[in-house]
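# Summary of structural features
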Amino acid sequence: MRPSDAHEVSQLNELKINVGALMVGAHYAEAGVQVMVEQMPIFGGYAGGLEETTIVDVATTINSFVMLQATWHLDGPVHVRWGITTAREALAVAGHAARAIDKHTHLMLGNQYYTLAGPCTLMCLLETAAQAITDTASGREILSGVAAGKGVVTDLFTAMEARFMGECAHAVAGMDLHEVNVLLDKLVAMYEKDYKTAPTGKRFQDCYDVKTLQPSEEYVQIYNDAIQVMTGLGLHYWDD
Amino acid sequence: MKAISKGVTVYDVYDRAKSGPKMEEKDWDFGVIPKTARALKKKYGIKMDKSVMIPEDEELIDKLFQAGIDMLEECGVYCIDTGRVIKYTRDEILNAIKNAPDHFQFGEGKEAHTVVPRSYDSPVYPIIQGGPTGSPCSEEMFLPIHQAYAEERIVDTIVDGVMQTVMGKDPVPGSPWEIMGVRSEALQVREAQCRAGRSGMGL
């Protein structure tokens, strides 16, 4: 690891810590490296509902800079029922917390991505797009993902999701906030009805050529379908 | 006018974790956290609409920030190992915010990115950190998977996955194999970045 790499240490849910994390923090402080402090508040967990979880998220984010002298904070509000960061409520918590901190401080913030659907599916890309748009238009500095299929299945993720995360972020940077909110409401409505039947998707080795590192024709087609959806919602990033 | 308090250090935090008020963890989880959050929601009259993902109401934004500061000041942070609460003063919280970094460098050489604060309406792109984000990754696929991320030009830095085995062994936390596992992950991400022609890329 180099000093310019992100050195990670995590808080615990909600507003908790262990001594081991403080030891890691002490090591980073003495080494003078870039420190990234992570925490994923749970919507529907100890804090409660939307407003309570957002208040806890703001407090947790600020604590990273008080307790562990973070360089930046990696957020990740997660839905207690679905275990994802792309649910409407999780996005609302992230968007409100980031905007509140963005307005009042210069703190640098990231967010991490856990989708319900797996790679090589339209749903996975639309979930990714919704969060990338929320994060970019609420003032976050770093987008970190994507752990597809809730990040629990071995090799169930690919670089195509990261590409879409990046392209959607670039597409909305600087866009009018009200237009973004209208777009997001429509976009989330497209996939949130499918949670119970979310597609598992395909592992890296099942939708990529593992030697040339090229995505399969099937995935490229699905990616193009996702671009069509986003274009239909009013983003023109992919226009010729 | 008054003197600015010294910044809190991780050493101060540890000392407070040994001397702060005693509490049962379940009282923290099911009492202090929900009750304080609920009381602050009521105090500030905070109401969110989940059809609006990013707030446009400036008053709501201000209330959420003040409630978050209050939450941290009123509750503090619970240390699960000592069973005690680490408390901060409001000045300490505000000073930590004021003194937090306002820029940093991610990566090196031609792959270096200077990260600076960007606002919600900024046309500046956020940093794209691509990778499995801690998801489980097979030992066999670790290198090609991470190389594929490094080859995406829109990806600025890598966030790696967790290698499920190292030399066929389970890198159990707290065992020597954990050290081998973590080292192997870092070395293979660096190799993946080099193979993509992006050796200075951040991790």
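Computed from a predicted structure; not experimentally measured.

### A short note on the overall build of chain B
Along chain B, the regular secondary structure elements total 6 helices and 8 strands. Overall, chain B shows an N-to-C arrangement of helices and strands of α-α-α-β-β-α-β-β-β-β-α-β-β-α. Overall size of chain B, expressed as C-alpha extent along the three principal axes, is 55 × 45 × 40 Å. Within chain B, buried positions represent 39% of all 203 residues. Put simply, 64% of the contacts in chain B that link residues at least 6 apart link residues at least 24 apart.

### Description of the overall build of chain A
Within chain A one finds 8 helices and 10 strands. At 18 Å, chain A has a C-alpha radius of gyration in line with the 18 Å of a compact globule built from 240 residues. Its C-alpha atoms put chain A at 50 × 45 × 35 Å along the principal axes. Buried residues in chain A amount to 65% of all 240 residues. Of the contacts made within chain A by residues no fewer than 6 positions apart, 77% connect residues no fewer than 24 positions apart.

### Digging into the domain arrangement of chain B
Under the domain assignment used here, chain B contains domain 1 (10-99) and domain 2 (105-195). When each unit is reduced to the centre of its C-alpha atoms, the spacing between domain 1 of chain B and domain 2 of chain B is 32 Å.

### Side note on the sheet that holds strand β8 (residues 142-147) of chain A
What the 7 strands build is an open sheet, ordered β1(A)-β3(A)-β5(A)-β7(A)-β8(A)-β5(B)-β7(B); its pairing is parallel. The open sheet is flanked by β1 (7-10) of chain A together with β7 (157-158) of chain B, the only strands paired with a single partner. Taken together, the 3 bridges between strand β3 (residues 35-38) of chain A and strand β5 (residues 72-75) of chain A define a ladder with parallel strand orientation. When the sheet's bridge partners are listed, A:M36 is paired in β5(A) with A:W72. Against the sheet, helix α5 (residues 159-172) of chain A makes contact with β7 (109-114) and β8 of chain A together with β5 (127-130) of chain B, and its axis sits at roughly 150° relative to β8(A), the strand it touches most.

### Let's talk about the sheet that holds strand β2 (residues 16-17) of chain A
With mixed pairing, 3 strands are arranged side by side in an open sheet as β2(A)-β1(B)-β2(B). In this open sheet, the two strands that pair with only one neighbour each are β2 of chain A together with β2 (84-86) of chain B. Pairing of strand β1 (residues 77-79) of chain B with β2(B), which is carried by 3 bridges, proceeds in the antiparallel orientation. Along β2(B), the bridge assignment pairs B:Y78 with B:V85. Strands in contact with helix α1 (residues 10-19) of chain B are β1 and β2 of chain B; relative to β2(B), the strand with the most contacts, it is inclined by about 145°.

### Points about the pairing of β7(A)
All names here are of chain A. Burial analysis of β7 places 6 of its 6 residues in the buried class, which makes it a mostly covered element. Relative to β7, β5 runs parallel, the two being bridged by 3 bridges. Note on β7: the bridge partner recorded for L74 is G110. The pairing of β7 with β8 spans 4 bridges and is classified as parallel. Counterpart to Q112 in the pairing with β8 is S144. Each parallel crossover has a hand, and the one from β7 via helix α4 (residues 122-136) to β8 is right-handed.

### Overview of helix α6 (residues 177-191) of chain A
Along an α-helix, residues three or four apart share an orientation, since each turn contains 3.6 residues. All names here are of chain A. For α6, which comprises 15 residues, the first-to-last C-alpha distance of 22 Å matches the rise-based estimate of 21 Å (1.5 Å per residue) to within 8%. When we look at burial in α6, the residues that qualify are V180, N181, L183, L184, L187, V188 and Y191. Seen from one end, α6 has its buried residues packed into an arc of 165°, which puts them on one side. For α6, exposure combined with an orientation more than 90 degrees from the buried face picks out H178, E179 and A189.

### Topic: unusual backbone geometry
Trans peptide bonds make up most of the peptide bonds, and negative phi angles are found at most residues other than glycine. Residue A:V146 is bonded to the preceding A:G145 through a cis peptide linkage, with omega at 25°. Tracing the backbone shows A:V146 in strand β8. Backbone geometry at A:D155 places phi at a positive 65°, although glycine is not the residue there. Turning to its location among the elements, A:D155 is positioned in the loop between β8 and α5. Phi is positive for B:T133, close to 55°, though the residue is something other than glycine. You can see B:T133 is positioned in the loop between β5 and β6 (136-137). In this structure B:T133 comes out as buried when scored by C-beta crowding, with 24 C-beta atoms within 10 Å.

### Some remarks on the interface of chain A and chain B
Taken residue by residue, the interface counts 94 residues in chain A and 88 residues in chain B. Sort the elements by how many residues they give to the side of chain A that touches chain B and helix α2 (residues 50-67) of chain A lands first, with 13 residues. The residue makeup of the side of chain A that touches chain B, split by class, is 46 nonpolar, 30 polar and 18 charged. As defined by bridge partners, β2(A) adjoins β1(B) across 2 bridges and the pair is classed as parallel. Of the residues in β1(B), the one forming a bridge with A:I17 is B:C79.

Definitions and limits used
- Every chain begins its residue count from 1, and numbering advances along the sequence as written.
- To label them, take the chains in the order written and letter them from A, then take the ligands in the order written and number them from 1.
- With the structure being a predicted model, the display of local features is reserved for residues of pLDDT at least 70 and the display and counting of side-chain atom pairs for 80 or more, all residues being used for whole-chain, interface and lining totals.
- Each helix is a run of H or I in the DSSP string that is no shorter than four residues. Each strand is a run of E no shorter than two, and both are numbered from the N terminus.
- Three exposure classes are used, all based on how many other C-beta atoms lie within 10 Å of a residue's own C-beta (placed from the backbone): buried at 20 or more, exposed at 12 or fewer, and partly exposed between those limits.
- Here, residue contact means that the backbone-derived C-beta atoms of the two residues sit within 7 Å.
- Radius of gyration here is computed from C-alpha atoms only, and the compact-globule reference equals 2.2 Å multiplied by the residue count raised to the power 0.38.
- These domain limits were set by an automatic method or by a database of domain assignments.
- By this definition, two strands are paired if DSSP reports at least two bridges between them.
- The axes are straight lines fitted to the C-alpha atoms, using for helices just the contacting stretch, and the angles between their N-to-C directions are given from 0 to 180°.
- Looking down the strands as they point away from the viewer, one classifies a crossover as right-handed if the path from the first strand across the helix to the second runs clockwise.
- Here, expected helix span is obtained from the residue count minus one, scaled by 1.5 Å.
- Working definition: the arc comes from the directions between the helix axis and the C-beta atoms, pointing outward to the latter.
- Three residue categories are used. Nonpolar comprises Ala, Val, Leu, Ile, Met, Phe, Trp, Tyr, Cys and Pro, charged comprises Asp, Glu, Lys and Arg, and polar comprises the others, including Gly.

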